Amino acid sequence: MNPSEASAATPYQQVGGAQTVVRIVEAFYARVETDDILRPLYPDDLEPGKKKLAWFFEQWLGGPTSYSDRYGHPRLRRRHFPFVIDERAAGRWLRLMREAWTEAGVPRDIQDPIFERLAVLARHMINANDDVPREPLGDVYLD
Ligand code: HEM
């Protein structure tokens, strides 16, 4: 592969595709399970959320549109309204996510630009002081 082709690879290809995404999500959720801040925010059954996060990452990294095929537009901030997310929770989420990507074997130089985007998204998810609807949304399809 010549250098121009290499730089055209999507982040999805760079990290190693669906298999790596599953490893990331498993490593992240293994940490959530015992986390004092995040565990209480998540539902008892963590399995459905794992699948959703994996489908989301596939598409967010430039792979197949696995998430939107099922649930429509991600509208992530809206979908997180039922969970009261403050700065500490966002910081913890990011830290556990970093550890998960490292455990999944994604090299630091590939992680870094991705985490610049993830950090922006995590901040965007903070809603603790906002007057937003907190009712559970479930598996709703949003346009
Ligand atoms: C900032 C701190 C964050 C916290 C505390 C948090 C917490 C949660 C919780 C509790 C759920 C529900 C899981 C379930 O229903 O099983 C969830 C769902 C989800 N989160 Fe986050 N999240 C955060 C940030 C993010 C970010 C930055 C992203 C994207 C990069 C993300 C992507 C998702 C996705 C795709 C879902 C599934 C949405 C759905 O279809 O219901 N989250 N999150």
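Quantities reported herein were computed from a predicted structural model and do not represent experimental measurements.

Peer 1: Could you give an account of the overall build of the chain, naming the residues involved and the relevant values?
Peer 2: When you go through the chain residue by residue, the secondary structure sums to eight helices and zero strands. When the elements of the chain are put in sequence order from the N terminus, they spell out α-α-α-α-α-α-α-α. On C-alpha atoms alone, the chain measures out to a radius of gyration of 15 Å, which is about the 15 Å that the 2.2 N^0.38 rule sets for 143 residues. Counting only C-alpha atoms, the chain reaches 50 × 35 × 25 Å along its principal axes. For the chain, long-range pairs separated by at least 24 residues make up 72% of all intrachain contacts whose partners lie at least 6 apart in sequence. Of the accessible surface of the chain, which amounts to about 8300 Å², a share of 53% is contributed by carbon and sulfur atoms. Separation of charge centres in the chain, based on 19 positive and 22 negative side chains, amounts to 1 Å.

Peer 1: Outline the environment of Leu137, listing residues and values.
Peer 2: Turning to its location among the elements, Leu137 is positioned in the segment after helix 8 (108–124). Leu137 gets classed as partly exposed once you look at its relative accessible area, which sits at 24%. Residues Leu137 and Arg79 lie 58 residues apart in sequence; the distance between their C-alpha atoms is 6.8 Å. If near-sequence neighbours (up to four positions away) are discounted, Leu137 is found in contact with Arg78, Arg79 and Pro82.

Peer 1: Tell me about the coordination of the iron atom of the ligand, and please be specific about residues and values.
Peer 2: Of the protein atoms, His80 (NE2) alone serves as a donor to the iron atom of the ligand, at 2.0 Å. Within the element layout of this structure, His80 appears in the loop between helix 6 (76–79) and helix 7 (87–103).

Peer 1: Break down unusual backbone geometry for me, with residues and values.
Peer 2: Backbone geometry places Arg75, a non-glycine residue, at a positive phi of 35°. Relative to the helices and strands, Arg75 is located in the loop between helix 5 (66–71) and helix 6. When its relative accessible area of 37% is taken as the criterion, Arg75 is described as partly exposed.

Peer 1: A description of helix 3 (residues 17–32) should follow, citing residues and the corresponding values.
Peer 2: Between the first and last C-alpha of helix 3 there are 23 Å, a value that for 16 residues agrees with the 22 Å anticipated at 1.5 Å per step. For helix 3, the full list of buried residues reads Gly17, Thr20, Val21, Ile24, Val25, Ala27, Phe28, Tyr29 and Val32.

Peer 1: So what's going on with the packing of helix 7 against helix 8? Residues and values would help.
Peer 2: Orientation of helix 7 relative to helix 8, taken along the N-to-C sense of each, is 160°, at an axis distance of 11 Å. One finds that helix 7 runs roughly antiparallel with respect to helix 8. With respect to the hand of their crossing, helix 7 and helix 8 are arranged in right-handed fashion. Contacts from Glu87, Ala90, Trp93, Leu94, Met97, Arg98, Trp101 and Thr102 in helix 7 reach Arg108, Gln111, Asp112, Ile114, Phe115, Leu118, Ala119, Ala122 and Arg123 in helix 8. For the contact of helix 7 with helix 8, the per-class residue count stands at 10 nonpolar, two polar and five charged.

Thresholds, definitions, all that
Residues numbered from 1 in each chain as written. Predicted model: local features only at pLDDT ≥ 70, side-chain atom pairs only at ≥ 80, totals over all residues. Heavy atoms only, no water. Helix = DSSP H or I, 4+ residues; strand = E, 2+ residues; numbered from the N terminus. Rg over C-alpha atoms; globule rule 2.2 N^0.38 Å. Contact = heavy atoms within 4.5 Å. Areas by Shrake-Rupley, 256 points an atom, 1.4 Å probe, with all protein chains shown as cover. Lys, Arg positive; Asp, Glu negative; His and termini not counted. Charge placed at Lys NZ, Arg CZ, Asp CG, Glu CD. Buried < 20%, exposed > 50% of the residue type's maximum accessible area, 1.4 Å probe, protein only. Donors = N, O, S within 2.8 Å, 3.2 Å for Na, K, Ca; no water. Expected span 1.5 Å × (residues − 1). Axes fitted to C-alpha atoms, helices over the stretch in contact; angles between N-to-C directions. Parallel < 35°, antiparallel > 145°, perpendicular 65-115°, else oblique. Left-handed = near helix turned anticlockwise from the far one by under 90°. Nonpolar A, V, L, I, M, F, W, Y, C, P; charged D, E, K, R; others polar.

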